[in-house]
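# Overview (structure and organization)
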Amino acid sequence: MSTPTPVLSFSPVVLSVPGRPVDLQVRVSAPATGTNLPVILLSHGHGPSNNLSSLNGYAPLANLWAAHGFIVIQPTHLTSRTLSHLVADAPGAPDFWRSRAEDMTHILDQLDVIEHTVPQLAGRIDPTKITLAGHSLGGFTAALLLGAGLTDPDTGKLVHLAEPRITAGVLLAAPGRGGEAFNGPMAQQWPIIGAVDFSTMTTPALIVAGDKDDPQHFTDMGPDWHTDPYTLAPAPKTLLTLFDAEHGLGGIAGYDAAETTDENPERVTALAHLTASYLHTQLHPGAPTWQTACEALMTGSDPIGRAESK
């Protein structure tokens, strides 16, 4: 990948979606130069802050990914606290699991609108190179778009929302299995989290888990729960375990965010580089980008983590 370049960020781009209770707003971050640029769709989580769970969050990742040559598109999902007063009684509340996934399909359907709305972006997107990333609840959303099934709690039927235009994904601190392991105090409030079937998640993906990310509110499995999307999904998959990382993975949701329990800017920079390298190699089969990044960041006396693949 080329040397990082200055980044342009533009928001909000407002997309009209029939039937959605509010318009879909997105932020677009892009390198200042370059053409034929691939896309990362970034799905936010559901943290305690008002604005990090929206198009205004995840700047540490979005900026670094854009500097590495990606167009990063961040929607504000209906779960965002910034919309709570508008959508509390809307169909699908409060988890909006289907809407969150459908937001990404709507973005891809209107890529041309985005391209011609954002200054200096026209003609620079490669619409054949679409990737996806999601953190926490965003990882749940990403899993559905990559092919995981979900048992609709209202109908009992298995639903698939896979988006075939997405060629690779990154799940960051994503939820794991349901069933008997889904036994924490929050499991009853968020039953949808435990309704995912990873066995059909066939799209290539990198699963990132922190070895100190203990989801006691959902399960007693410990940090290994976050590796389930790797363990239970079919190949090709890669697991990146970050040493000493908790749920914020060093602070990816926002610069200097108070709820980050494991503040570590070096880890965030390394994670951004590793994830960009993984997606670059997925988009350019045979490129050594991922292998080179792994050798640089996971060998020596102070490795950032470890990786395995299947």
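Residues numbered from 1 in each chain as written. Predicted model: local features only at pLDDT ≥ 70, side-chain atom pairs only at ≥ 80, totals over all residues. Heavy atoms only, no water.

### Concerning helix 3 (residues 97–109)
Counted only if it meets this: Elements are defined by DSSP. Helices are runs of H or I of four residues or more, strands are runs of E of two residues or more, and each kind is numbered from the N terminus. The span you would expect from a helix comes to 1.5 Å times its residue count less one. With a 1.4 Å probe rolled over the protein chains alone, any residue whose accessible area is under 20% of its type maximum counts as buried; one over 50% counts as exposed, and the rest are partly exposed.
Taking 1.5 Å as the rise per residue, helix 3 with 13 residues should run 18 Å; its terminal C-alpha atoms sit 19 Å apart, in good agreement. Residues Trp97, Ser99, Arg100, Ala101, Asp103, Met104, Ile107 and Leu108 constitute the buried set of helix 3.

### As for the pairing of strand 5 (residues 125–135)
Note the threshold: Two strands qualify as a pair provided DSSP detects at least 2 bridges between them.
Most of strand 5 is tucked away, with 9 of its 11 residues classed as buried. As judged from the 6 bridges shared by strand 5 and strand 8 (residues 166–172), these two strands associate in the parallel manner. Paired with threonine 131 across the strands is alanine 168, a residue of strand 8.

### Some details on the packing of helix 1 (residues 59–67) against helix 7 (residues 265–283)
Between two packed helices, the angle of one axis relative to the other and the distance separating the axes together describe the packing. We count it as follows: To obtain each axis, a line is fitted to C-alpha atoms, and for helices this fit is confined to the stretch in contact; angles are then taken between N-to-C directions over 0 to 180 degrees. Orientation is classified from the angle alone, with under 35 degrees giving roughly parallel, over 145 giving roughly antiparallel, 65 to 115 giving roughly perpendicular, and any other angle giving oblique. Each helix crossing is assigned a hand: it is left-handed if the near helix lies turned anticlockwise from the far helix by less than a right angle, otherwise right-handed if that turn is clockwise. In what follows, a contact means two residues having at least one pair of non-hydrogen atoms within 4.5 Å. All amino acids are sorted into three groups, where Ala, Val, Leu, Ile, Met, Phe, Trp, Tyr, Cys and Pro are nonpolar, Asp, Glu, Lys and Arg are charged, and the leftover types, Gly among them, are polar.
The interhelical angle for the contact between helix 1 and helix 7, taken along N-to-C directions, is 50°, at an axis separation of 9 Å. When the axis of helix 1 is compared with that of helix 7, the two are oblique. Where helix 1 crosses over helix 7, the two elements pack in a sense that is right-handed. Residues Pro60, Leu61, Leu64 and Trp65 of helix 1 touch helix 7, and the partners they reach there are Val268, Thr269, Ala272, Thr275 and Ala276. Residue composition of the contact of helix 1 with helix 7, grouped by class: 7 nonpolar, 2 polar and no charged.

### So, the sheet that holds strand 11 (residues 237–242)
What the 9 strands build is an open sheet, ordered 1-2-4-3-5-8-10-11-12; its pairing is mixed. Of all the strands in the sheet, just strand 1 (7–15) and strand 12 (305–309) have a single pairing partner and so form its edges. Strand-to-strand twist across the sheet, computed as the mean angle between neighbouring axes with direction ignored, equals 20°. The sheet contact formed by strand 1 and strand 2 (residues 24–31) spans 7 bridges and is antiparallel. Across the sheet, residue valine 13 finds its bridge partner in strand 2, namely valine 26.

### Looking at the sheet that holds strand 7 (residues 158–160)
If you trace the 3 strands from one edge of the open sheet to the other, you get 7-6-9, paired in antiparallel fashion. Two strands lie at the open edges of the sheet, namely strand 7 and strand 9 (196–197), each paired on one side alone. Pairing geometry for strand 6 (residues 149–151) and strand 9, over 2 bridges, is antiparallel. Of the residues in strand 9, the one forming a bridge with glycine 149 is aspartate 197.

### A closer look at the pairing of strand 4 (residues 71–75)
A regular strand places its side chains so that they alternate between the two faces of the sheet. Selection criterion: Seen with its strands pointing away from the viewer, a crossover is right-handed when the path leading from the first strand over the helix to the second is clockwise.
The element strand 4 is extensively covered by neighbouring structure, given that 5 of its 5 residues are classed as buried. Burial along strand 4 is two-sided: the face carrying Ile71, Ile73 and Pro75 and the face carrying Val72 and Gln74 are both buried. Judged from the 4 bridges that link them, strand 2 and strand 4 form a sheet pairing that is antiparallel. Bridged to arginine 27 within strand 4 is glutamine 74. Pairing of strand 3 (residues 37–43) with strand 4 involves 3 bridges; the strand directions are parallel. The partner of leucine 41 across the bridge, within strand 4, is isoleucine 73. This β-α-β element, strand 3 to helix 1 to strand 4, shows right-handed connectivity.

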